[in-house]
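Each chain, written out:
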Amino acid sequence: MQGLTRQIARHAIALVATVLLGGLLSAVLMRLAPGFDTDEQELDPHLNAASIQVLKQARIEQHNIFRYYFHSLQRAARGDLGTSLSLGQPVSTLLKERAPLTLRLVGLGLLLSWTVAMAFALSAAWLRVSAYDALTTFLSGTLLCLPAAVLALLAVLWRLPEALAIALIVFPRIYRYSRNLLDKAYSQSHILTARAKGVGELRILFWHAIPVAAPQLLAVAGVSVSIAVGAAIPVEAICGQAGIGQLAWQAALARDLPLLTNLTILVTAVTLLANSGADVIGHMLRGQEA
Amino acid sequence: MLALRKSILAAAICLGATGGAWAQGELRFCLHTEPKTFDPLKVEDESSVMVRYLTGGVLLRMNRQTQALEPELALSWKVSKDGKQITFKLRSGVSFSDGTPFSAEDVAYTVQQLMDPALHSATGDAFRSGPGNVETKIISPTQISITFPAPVAGLDRQFDQVAIMSAHSAKKEMAVLGPFMVDEYKAGATLRLKRNPNFWKTDAQGRKLPYLDSIKIDIQPNRDVEMLRFKRSEIDLINTLDSEYYDKVATTSPQLVHDAGPSLDTEQLWFNQVAKSPLPAYKKTWFHSAAFRRAISQAINRDDLSRVVFRGHAQPAIGPVSPANKFWFNARLKPQTYSPDAALKALQAEGFRLENGTLKDSFGNAVVFSIITNSGNKARERMATMIQEDLQKIGIHLNVVTLDFPSLIERMTQTFDYEAIMLGLANVGLDPTDQMNVWLSSSENHQWNPSEKTPETAWEAEIDRLMRVQASSADTRKRKEAFDRVQEIAVDQQPFIYLVNKNALSAVSASVQGASPVIIAPQTYWNVERLSLK
Amino acid sequence: MRSRRAVIWRWLACAVLLFVVGISLAANFIAPAGYARQYREVADAPPSHQHWLGTDEIGRDRFARVLYGTRISLLLAPAAALLSTLVAALVGGLAGYLGGGWARAAMAVTDLFLSLPWLFLLITVRAVMPLNVSPLVSVMVTFVMLGLLGWTSAARVLCATASSLRGSDFVRQAKASGIRGVRLFWIHVLPNLRPVLYAQFWISIPVFILSEANLGILGLGVAEPLPSWGSLLQELEGLVSVGSEPWKFVPLLLLAVVVTAFQFVLSNQEELAA
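Below is a short write-up of the structure. (Residues numbered from 1 in each chain as written. Chains lettered and ligands numbered in written order. Predicted model: local features only at pLDDT ≥ 70, side-chain atom pairs only at ≥ 80, totals over all residues.)

Topic: the sheet that holds strand E6 (residues 135–140) of chain B
All names here are of chain B. Cut-off, in case you're wondering: DSSP bridges decide pairing: two strands pair if at least two such bridges lie between them. Helix and strand definitions follow DSSP, with helices as H or I runs of at least four residues and strands as E runs of at least two, each counted in order from the N terminus. Note on definitions: angles span 0 to 180 degrees between N-to-C directions of axes, and those axes are lines fitted to C-alpha atoms, for helices only across the stretch in contact. Two residues form a contact once the distance between their C-beta atoms, set from the backbone, is within 7 Å.
The 4 strands are arranged E4-E5-E7-E6 in an open sheet whose pairing can be described as antiparallel. Edge positions in the open sheet fall to strand E4 (74–79) and E6, since each of these has one partner strand only. The sheet shows a mean angle of 15° between the axes of neighbouring strands, direction not considered. As paired elements, E6 and strand E7 (residues 143–147) share 5 bridges and run antiparallel to each other. Among the inter-strand pairings, Thr136 is bridged to a residue of E7, identified as Ile146. The strands that helix H3 (residues 104–114) touches are strand E5 (85–90), E6 and E7; relative to E6, the one it contacts most, it runs at about 180°.

Now the structure itself:
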C-alpha cells in the first residue's frame, strides 16, 4: 500500500512537470517554425502601411518565448489563460465551451472502438478459425487505409454519430495490438498445460490468456486515448462540431500561440493521465501476479 | 358572401397586426470560417464582412446587380468637386433595432470612431488618403457633412462598407440598422440572425421588409459537406460553388445552379523581383527581365486552365481588371496569346537556348525554378501542375510547392525566399483605389517588390504617378484614362501574369424566392431583405 | 504446429505482394502512358479502352499513376515503418528491460512526444529544405520524418511487455545461467516483443502512406507530378461525388489487399518463431 501511494505521488509530480515542459516545448516549436510572425490580414490591399505595422507588432510580446511562457503561466495561475489571436476570444471561454463536446466524442469513440476491437480479438483468439482471422484482418486493414477525412465524410453522408467515425479510426490499431498480444499469450506453456488438464477454452481465455496480456493491453488503452484525441481533429472539422480538435487545427494553421500552448497543455495532461493510470494499474496487476 | 368578406377582414386584421410583415421562414446557408467580430468597424475577414452586410445599415449601398450606387439611410448625397467633402441628407423616423432613434449624430459618431488613429482596419484605411483629422459637421438631425484632409477617390462608394453605429445605445455594435440582428451565436457552430423589427424599408406594396423571419448560418469549412447538405435540402444556398460541383448538380437539377459570368476575382502568378532576396544572381536576372516574364506568360495555355480546372466556368484573364468590371476594364487590351513557339523564340532572343530538351540561359544555367501556392486550394494546385507541363514544352522545369498560408506569407513578405508565387485576389472592389496598395511601389502589398524606397524601374514610377493621379481626381474620365494606362503597362511588363477570371458560381434551392445571383459578394443574398421561402 | 490453411494463406500473401511489386516495377511497360502526361481533352473521364481507370482532374491516366505510385509507397512506407519499429524497440524495449528510473524517464519522454504538435517541426523541416528539391528527395525526407516521429504508441506497449518479461521464469533462468546485459536483451527479451513489433510495423504502413499525403499541405510529401498512394487516396475526399465513380476506389482496394498480405506474411513469421 505504501509502495502504491509513493508511486502515485511520483506519477503526480512527473505529470505536472511533464505537462509544463510540454507547454514550453510546443511554444518553442511554434516560435521557431516559419510563419509565426505573420497574419493573413497583411495581404489585405485595403490596409495601409501603419495598419500593417500594427499587425506585425501584435506578436512582439511572443518573440522571447521563455519570457512569454513564464508570464502566461503567471497569468494562468490567476485564471487568465490569455486571448486567442485568431478568434479574438478568451482562451478559457473557448476551452470551457468546446472541451465537453470533445470529451464526449472521444469517450464514446473509445468505448465503441474498444468494445468492437476486443470482441473481434477475443473471438478470433478463442475460435482460431483462419477464415475469420482473414476477414477481420482485411476489415481492420481496410479501415486503416481509409483517410480519416473520408471516414468523417462517410459519417456525414450516412448520418452516423461522429463518435462512430472516431471509433472506426481507432479500432484497427487497438485490434491489431490486442490480437497479437492475445496470440502471444496463447503460445505460453501454461496454456498447453491447462488444455492438457482439460480446462475449457472460455476459461482458458478469461483466466489464463487475458491476465497474461493485461498489462500490455492496459498500455494500449493508455495510448489509444491520444490516438482518439488526434482522430477528433479531422472528424470535428469535417462534421462541423465545435470541439477542441477543430480548435487545435485552427490554432495550428493560424499560429495562435496562446490558444495552442493551452491546448497542448490540456492534451499533454490528458495523455499523461491516461498512460499513468494504465501504468499504475499495470503495476498493481504485476504485483498481484508476483 | 358575408362569410368570404369576414374571412378577408380577418386576414387583413392579421396582416395589420403583424405590421404588414410578410413572414416567410428561415433562410439557411454556411460560412466557411467563423466571423471574428461583430463590430462593423473592425471587420477584416470575409465572414465578418458578410455578417455586417446582413445586419449593418449603411448610408449608401452599391446595388450588386446594377453596380450603381443607391440611397439607403441617406436620401441624397453630394460630393464636393475636390473630392474631400461629402454631404448627406438622411432619412427621418428611422430607429436602431433596440428602438434608439437614428440621426446625424450617429453618423458623426461612426465616422469619428472609424477615423480614430488607434483603429487599424481596412474600412477605416480606405478613407485615410492623407494625414490630418476628419471633420464632421452636423447641420441638422437629418443633415451632415464630412470633410476629409485629402481627396478620397470614389468617396461615396466607400460608404457602402460603413455600417452606422448608435452613439447612444447601451447595446453598442449589437444595436443595428440593417434588416437582421444577431439573435444567437454558438462559437464555431452556428450564428442565428432574426428580423430587425425596426428595419425602415418597405416594399412597393408597403409591406415591411425583410420578408424572412430569420437566417441560420452554420460554420462549415468543408465544401464537400456543404454540397451534401445542399443536396439534402438542409441548407438553401451555396454562395460560392466549386465548378466541379456546379457541373454535377447541373446534370440533374440545372435550375438550382447559377453561373453569373466572370467575377471580379483574379488568379495570377508573379516572380520575385526583390533585390535583397536570397536568390542566386542569375535567377534575379531572369525574373527582372520583362521579356522573360512575357515569354512565360505566352507559354501558359489559359484556355486549358479555364476549360480543365474550372470546367469552362472561367475565362482567360487579360489584365489586372476583370472584364466584368465594365467601367474600369480597359477594353483596348488584347487577350494573351498562347504560343510556346513564340515564347521560345522570345527567350532565344534573350540569350536562352534549348539543349537536349532543357532550356539554359546564356551562362549555361538550366532554367529551373519553383512556384509556391497555398495548400488546400485545389484549383491553384491543379493550375500549377498544368503550367508545369506547359513550361516543360519549352524546356523549363517547374517545381510545384504547396505551403501552409503562414509559411507562404513569411516567404512573401519577410524572408523573400521564393522564386514565383501563385495566388489570387478575391472580393476585389470595383474602384481602382481598392488596389492602390498593390500598385504603389512604396507599399507593403506591392507584391513582386514591396516597400521600394524609390521606384526601381521607370515603368513602376509611371504606375505610381498614374495611380496618384486617379486617386486624387474627382473627374471620372481623367481617372479612367490614368487607370487604363496602368493596365496597359501592367500587361506589357507582366509583373503579375494574370491567368484566369473565375466565374461567379452559386446554388440556390428552389424554395428560395427572389434570388438573382450576381458576381459581387454576397452573390446570392445581396437582396436578402426581399428574399422569401416557399 | 502450422496448419495447412495457414501455409496456403502465407503463400497467397507472398504471391500478392510479389505481383504488386512486379507490376509496379514493370510500370514503364504496362502503363499506357507516363504518370505525368495530361490528356486535357479527356480530363476526369471514366474508364475507357485507352484509360483503364479513367483520368484524373487534369487528364492524367489513373492506371499509370496507380502503378508508379505503388513504387513510391510500397518501397518507402515499409522502410519508414521499419525505422519507427526499430526506434520503438530501442526506446520502449530497452526502457522496460532496464526498468526503474530508466523506464520512468523513457516513458515521460514518450508521453511528451505523443502530445507535442510535431506539425511545426515538419514545417521547419520544409523551410530548411531548398525549394527546388527533387520530388523523390522530398518524399524520402517525409517518410524518414514519419519513421522518426511515429514510434511513440508502440514504445509504451513495448515497455509494458518488456517489464512483464523481466520477472518471467525464462529470463530469471537465463540470468542464473550468467547471461546478462545486451545478450540477455537480444536473445531472450527482444524475440518476445515480436507481437507488438509486428503490430507496429503492420499498422504503420498504411498510416504513413496516408500521412505522407496529408503532409502535402506543409509542402512535404510527394511533389507534382509524382504520384503516391496517399495522393491517389485523397481523391476519395470528394466522397459526395465519388460514390458514382467506383473506379476511384481502386487505390484503396489495392492498399487494403497489400496491407492484408503483409499481415499474413508477418503472422506466419510469428508462428514460425513460436
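Structural notes on the interface of chain B and chain C
What counts is decided by this rule: Residue classes follow a fixed rule: Ala, Val, Leu, Ile, Met, Phe, Trp, Tyr, Cys and Pro count as nonpolar, while Asp, Glu, Lys and Arg count as charged, and any other residue, Gly among them, counts as polar.
Across the contact, 24 residues belong to chain B and 22 residues belong to chain C. Counting only elements with at least two residues in the side of chain B that touches chain C, the list comes to helix H6 (223–231), helix H10 (302–309), strand E17 (368–374), helix H12 (378–392) and strand E18 (397–403) of chain B. Residues of the side of chain B that touches chain C, tallied by class, amount to 9 nonpolar, 8 polar and 7 charged.

A closer look at the interface of chain C and chain A
Contact residues are listed per partner, giving 47 residues for chain C and 54 residues for chain A. Tallying contributions element by element places helix H10 (residues 194–214) of chain C first for the side of chain C that touches chain A, with 9 residues. Each residue belonging to the side of chain C that touches chain A can be placed in one class, and the counts come to 31 nonpolar, 10 polar and 6 charged.

Comments concerning the pairing of strand E10 (residues 214–219) of chain B
All names here are of chain B. The cut-off we apply is this: Neighbour density around each residue's C-beta defines its exposure: 20 or more other C-beta atoms within 10 Å make it buried, 12 or fewer make it exposed, and counts between make it partly exposed, where C-beta atoms are placed from the backbone.
The alternating pattern of E10 places Ile215, Ile217 and Ile219 on a buried face, while none of Ser214, Lys216 and Asp218, on the opposite face, is buried. Of the strand pairs in this sheet, strand E1 (residues 26–31) and E10 are connected by 6 bridges, and their pairing is parallel. The residue of E10 that forms the bridge with Phe29 is Ile217. Examined bridge by bridge, strand E9 (residues 190–195) and E10 share 5 bridges and lie antiparallel to one another. Directly across from Lys194, in E10, lies its bridge partner Ser214.

Focus: the environment of Val42 of chain C
All names here are of chain C. Mapped onto the secondary structure, Val42 falls in the loop between helix H2 (27–30) and helix H3 (62–98). Residue Val42 is classed as partly exposed on the basis of its 15 C-beta neighbours within 10 Å. In sequence terms Val42 and Leu210 are 168 residues apart; their C-alpha atoms lie 28 Å from each other. Ignoring anything within four residues of it in the chain, the contact list for Val42 reads Thr55 and Gly59.

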